[in-house]
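Structural overview for review
Given next are the chains, with one letter for each unit.
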Amino acid sequence: MTCGEKEAGRMKTVVSSVQAKELDQYAIEEMKMPSLILMERAALAVVDALEKKAETLKCVLVVCGTGNNGADGVAVGRILHLKGYDVNVCCLGEEQRYSPELRQQLEIAKKYCVSLVNNPSWNEYTTIVDAIFGVGLSRNVTGFYLEAIKQINQTFARKVAVDVPSGLCSDSGRILGHAVRADETVTFAFLKKGLCLYPGCEWAGETCVADIGIYERKNETPEAYTHAVEWQDVRCLLPKRAENGNKGSFGKVLFLAGSRQMAGAAYLCASACLRSGAGMVKIHTAQENREILQTLLPEALLSTYAEGQADFQMLKEDLEWCDVVAAGPGLGQGPQECSLLQFLLENCAKPLVLDADALNLFGKNPHWAKKLPKTCVFTPHLMEMSRMTGKTLEEIQREPFHSADEFAKRHQVICVLKDARTVIAVPDGRSWVNLSGNSGMATAGSGDVLTGITAALLAVGEDPAHMAALAVYLHGCAGDVACGRKGDRSMTAQDIIGALPEVFKRGVDKNGEKQSNKGIYIAGRDCAKF
Ligand SMILES: NC(=O)C1=CN([C@@H]2O[C@H](COP(=O)(O)OP(=O)(O)OC[C@H]3O[C@@H](n4cnc5c(N)ncnc54)[C@H](O)[C@@H]3O)[C@@H](O)[C@H]2O)[C@@H](O)CC1
Ligand SMILES: Nc1ncnc2c1ncn2[C@@H]1O[C@H](COP(=O)(O)OP(=O)(O)O)[C@@H](O)[C@H]1O
Ligand SMILES: [K+]
């Protein structure tokens, strides 16, 4: 966000380390904001966070590296010292490597008689502030830095990281050798990608984004940065339901789902779709599923085909009837399902969601890429992505943004790469990372629920990319409500559907917002006004 738009409801910006540095420079060089002022605000924000648990500040150690993260740390030490806290500052690394800002901060600190130590007794401190490396970490941590990080982690002190836990790659969230396991992280200006992805988000602990006077460039386009959906974005982007609407105007969704004896997946996606506002839902499925689906979900219309008798004429009529199509959950990959899906792709110009077996079949039939309609959302989990692209799971997981972006651009589709932190990429370069949800969602059928929500939103929303990002966020919010009710071990996909009414009905309150974003919040934001 630019400074003028600060609270105007734009999605939360997430930056790479390169972008973080560019925006620092932009604030300093273009906006003429002196670097020392930014640093002072950064340090004050950290002190603010520290004082939220003042009882832990009996004896504080600030560990600093040689760069500007270290300079922030020295400023934190000085402010704490001047407030009367017992604080020691320890600078690691050779003096000749100190950044100019660190030298300046040390000069000030010395004048104020801040206690500087070389060999701290690690276990004496009640709080340790980690200011060794920030976004400037460029390689694996070794030597005395590694030793210091190990020492910090071994103590029982409260650990607060400045900008990024040291040792964490701020782009990928990977641990570069060893990293500080922080209780809290105060990150500056913007969330960093590595703080959103696993394992980074776990190592950062509760993460606070502090406004220190660095904002996006004016007139920046949305594709310049990754974003994270927040509840206020749902309020802005989810179309209001017209008071005078009818079931036809709220979206007619067709599911090609559920082969023989696979009624469950068809039920889950169709049910989630109805719970997400779709006016009408029809399931095109195997005949054997008719009775069970009629019993489980009497609201859904059904078109059924007998074994070996795929009815292409009926599918054609269903495709004419609907506004949006979703294919794949429980579909199977037999020759009949393969030909149904191929027929669907050849005859469908409507927005389409492809999930599960539709993705597996797509992987086996790469020539289908030419048949995709204009608006197409792919929702692969890592294994499905691997099958479609030939990349290893490790490759995809190491660079989820790149993998999703590459796929989206190659096939001109919206790619929802599902994982504990789902990444959404669009051919025009926009991307999102989802912060809602929990490990309880790693349960069979959870993805089918997302397919249903996505199809429902595509049927009513203007921008399919926004709708895909909202669907992922709302799916996670429902997962968080379900987790609150049933616990992460016991919740099921049906519990996620069961939580949708609460998510759509009352929204997420202040606590819900915090919960849904896994402890990431914006300092000073008044959630009550959402
Ligand atoms: N005015 C500014 O530019 C601002 C900078 N800020 C702080 O500055 C930080 C970025 O500062 P820097 O760009 O100086 O980077 P860092 O302070 O994160 O680290 C860079 C230093 O660490 C060294 N280094 C990197 N990886 C290493 C490794 N594995 N082993 C040993 N040494 C290693 C580099 O050679 C360099 O000296 C941010 O994270 C933030 O904390 C904030 O105060 C906001 C304002
Ligand atoms: N640890 C986790 N934290 C948050 N969300 C998760 C986690 N694990 C899985 N999910 C979400 O749950 C869903 C699982 O989908 P998928 O793997 O397709 O399940 P299925 O094929 O059983 O329906 C995805 O939306 C994914 O993002
Ligand atoms: K740090």
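Residues numbered from 1 in each chain as written. Chains lettered and ligands numbered in written order. Predicted model: local features only at pLDDT ≥ 70, side-chain atom pairs only at ≥ 80, totals over all residues.

Looking at an unreviewed UniProt entry, the chain carries the name Bifunctional NAD(P)H-hydrate repair enzyme, with the source organism given as Blautia hydrogenotrophica.

This paragraph deals with the UniProt feature "domain: YjeF N-terminal" (unreviewed entry) in the chain. Those residues carrying the UniProt feature "domain: YjeF N-terminal" (unreviewed entry) are residues 20–220 in this numbering. Along residues 20–220, the helical share is 38% and the strand share 17%, with 15 Å between the first and last C-alpha atoms. (UniProt positions renumbered as here; feature names shortened; annotations may be inferred. Helix = DSSP H or I, 4+ residues; strand = E, 2+ residues; numbered from the N terminus.)

All right, on to the confidence of the model for the chain then. Considering every residue of the chain, the mean pLDDT works out to 93; 93% of them sit at 70 or more. pLDDT under 50 marks residues 1–9. Its contacts with residues more than four places away, or in other chains, come to 13 contacts. In the predicted structure, residues 522–530 sits below a pLDDT of 50 and forms 13 contacts with residues beyond four places in sequence or in another chain. Per the prediction output, this complex has pTM 0.93; the corresponding ipTM is 0.95. (pLDDT = per-residue confidence, 0-100. Contact = placed C-beta atoms within 7 Å.)

Now for the pairing of strand E2 (residues 60–64). Within E2, five of the five residues are buried, leaving the element largely enclosed by the surrounding structure. Residue alternation in E2 divides its side chains into two sets, Val 60, Val 62 and Cys 64 and Leu 61 and Val 63, and both sets are buried. In this region the chain leaves E2, passes through helix H3 (residues 68–82) and returns to the parallel neighbour strand E3 (residues 87–91); the handedness of that crossover is right-handed. (Buried ≥ 20, exposed ≤ 12 C-beta atoms within 10 Å, placed from the backbone. Right-handed = clockwise from strand over helix to strand, strands pointing away.)

Within the structure, ligand 2 sits among 18 residues, and Ala 420, Gly 437, Met 441, Ala 442 and Gly 447 are positioned closest to it. Counting residues per element, the shell around ligand 2 draws most heavily on helix H17 (residues 446–460), at four residues. For the shell around ligand 2, the residue count by class is six nonpolar, nine polar and three charged. (Near = placed C-beta within 6 Å. Nonpolar A, V, L, I, M, F, W, Y, C, P; charged D, E, K, R; others polar.)

As a further point, take the packing of helix H9 (residues 263–275) against H17. What describes two packed helices is the angle between their axes and the distance between those same axes. Running from N to C, H9 and H17 cross one another at 40°; their axes reach a closest spacing of 7 Å. Considering how the two elements wind past one another, H9 and H17 form a crossing that is right-handed. Along its contact with H9, which presents Ala 265, Leu 268, Cys 269, Ala 270, Ser 271, Ala 272 and Cys 273, the element H17 presents Asp 448, Val 449, Thr 451, Gly 452, Ile 453, Ala 455 and Ala 456. Along the lines of polarity and charge, the residues of the contact of H9 with H17 split into ten nonpolar, three polar and one charged. (Axes fitted to C-alpha atoms, helices over the stretch in contact; angles between N-to-C directions. Left-handed = near helix turned anticlockwise from the far one by under 90°.)

Taken together, 27 residues form the shell around ligand 1, and within it Gly 67, Asn 68, Asn 69, Gly 134 and Gly 136 come nearest. Those elements that place two or more of their residues in the shell around ligand 1 are helix H2 (35–51) and H3. When grouped by side-chain class, the residues that make up the shell around ligand 1 number ten nonpolar, twelve polar and five charged.

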